[in-house]
Amino acid sequence: MSAKDESVAGLTKGVEFLFNKNGVEYIKGAASFTGEHEVKVTLNDGGEQTITGKNIVIATGSEATPFPGLEVDETRIITSTGALSLKEVPETMVVIGGGIIGLEMGSVWSRLGAKVTVVEYLGAIGGPGMDAELAKDSQKFLKKQKITFKMNTKVVSGDVSGEKVKLEVEAAKGGKNETVSVLEPQCQMVDADKKSSLKLMLFSWPLVADPSQLVLD
Ligand SMILES: Cc1cc2nc3c(=O)[nH]c(=O)nc-3n(C[C@H](O)[C@H](O)[C@H](O)COP(=O)(O)OP(=O)(O)OC[C@H]3O[C@@H](n4cnc5c(N)ncnc54)[C@H](O)[C@@H]3O)c2cc1C
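About the cut-offs
Residues numbered from 1 in each chain as written. Predicted model: local features only at pLDDT ≥ 70, side-chain atom pairs only at ≥ 80, totals over all residues. Helix = DSSP H or I, 4+ residues; strand = E, 2+ residues; numbered from the N terminus. Buried ≥ 20, exposed ≤ 12 C-beta atoms within 10 Å, placed from the backbone. Contact = placed C-beta atoms within 7 Å. Pairing = 2+ DSSP bridges. Right-handed = clockwise from strand over helix to strand, strands pointing away. Axes fitted to C-alpha atoms, helices over the stretch in contact; angles between N-to-C directions. Core = buried A, V, L, I, M, F, W, Y, C linked by C-beta atoms within 7 Å. Expected span 1.5 Å × (residues − 1).

So, the overall build of the protein chain
Then, number 1: Summing up its helical and strand segments, the protein chain has 4 helices and 13 strands in all.
Then, number 2: For the protein chain, buried positions account for 23% of its 217 residues.
Then, number 3: The contacts of the protein chain with a sequence gap of at least 6 include a subset with a gap of at least 24, amounting to 48%.

Right, here's the structure in full:
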């Protein structure tokens, strides 16, 4: 983990260096819109700064969609952010959603020794846009890495009250006609979907009619 932290620090410092070299001003803080062409930044070092621009690019990334009953704490219920910071290899891990990032993180922890199960709603991994042949071959490859797949299966509910996280799953459309079963992972990763982060936008921009949507022109 310390090697990863060093790499991240090195890369981000590298970007900062490129900003300096190319005349890009880097302001450290949390921004929110105060007008169509104006952003207020609450500076990390204290104080505020207002910036105006003819055009403003919003690049605030994404956040995981909350899953009912499974509140993300980045310790036991994790997103890819937590999966990149686990302090030790969990004995077991369940990945909800066999999309690219879930598979990537699942494969990493599986190769480090975790017993990984991927629960996927569809009949193929990689998400709806993935080439079918590639999805099939990738799944074969990941099975050789000892990852278990529960395909055509949906997670119904989760229970985090005990020592282990419990998940109830059932067959989705086209899945095996199995009854609800309980998986007991130590650690649980949510990769079902990521939605755009609208934290920046929620309250103060008059152009946003619906806080769940970004209105673009
Ligand atoms: C595990 C993982 C693996 C991935 N692998 C790939 C890959 O191999 N290839 C690929 O193309 N993509 C990959 N992606 C996707 C890629 O990382 C994202 O698409 C990309 O980072 C999005 O860029 P962004 O600048 O929009 O957001 P981000 O890179 O998420 O950056 C958003 C930044 O905005 C800052 N921010 C948020 N809100 C505010 C605010 N109000 N004020 C100021 N700052 C704010 C955040 O602190 C953050 O630094 C991967 C993603 C993950 C999670």
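That shown, we press on.
A word on the pairing of strand β6 (residues 92-96)
Then, number 1: Of all 5 residues in β6, 4 are buried, a share of seventy percent or more.
Then, number 2: Across 5 bridges, β6 lies against strand β7 (residues 115-119) in parallel orientation. Each residue of the ladder has a partner; that of I96, found in β7, is V119.
Then, number 3: The parallel pair β6 and β7, bridged by helix α3 (residues 100-111), forms a crossover whose chirality is right-handed.

Considering the sheet that holds strand β2 (residues 38-43)
Then, number 1: The antiparallel open sheet is built from 3 strands, whose spatial order is β1-β2-β3. Here the strands that pair on one side only, and so sit at the sheet edges, are β1 (29-35) and β3 (48-52). Along the sheet, successive strands turn relative to each other by an average axial angle of 25 degrees, direction set aside.
Then, number 2: Bridge count between β1 and β2: 6 bridges; the pairing is antiparallel. If you follow G29 over to β2, its bridge partner there is L43.

Some thoughts on the environment of V155
Then, number 1: Of note, V155 is situated in strand β9 (residues 153-159).
Then, number 2: In the structure, V155 is positioned 16 residues away from A171 in sequence and 8.9 Å away in space, judged by C-alpha atoms.
Then, number 3: Aside from chain neighbours lying at most four places away, what touches V155 is I96, V119, L167 and V169.

Overview of the nonpolar core
Then, number 1: Counting 27 residues, the largest nonpolar core has M93, V94, V95, I96, V116 and M189 as its most contacted members.
Then, number 2: At the level of secondary structure, the elements contributing two or more residues to this core comprise β5 (77-78), β6, α3, β7, β10 (166-171) and β12 (187-190).
Then, number 3: Of all the elements, β6 adds the most residues to this core, at 4 residues.

Some remarks on helix α4 (residues 132-144)
Then, number 1: Taking 1.5 Å as the rise per residue, α4 with 13 residues should run 18 Å; its terminal C-alpha atoms sit 19 Å apart, in good agreement.
Then, number 2: Positive phi appears at K146, one or two residues downstream of α4, with a value of about 80 degrees.

Describing helix α1 (residues 2-21)
Then, number 1: For α1, which comprises 20 residues, the first-to-last C-alpha distance of 28 Å matches the rise-based estimate of 28 Å (1.5 Å per residue) to within 8%.
Then, number 2: When you tally the buried positions in α1, you get 0 out of 20 residues, a small fraction of the element.
Then, number 3: With its phi angle positive at about 70 degrees, G23 sits one or two positions after the end of α1.

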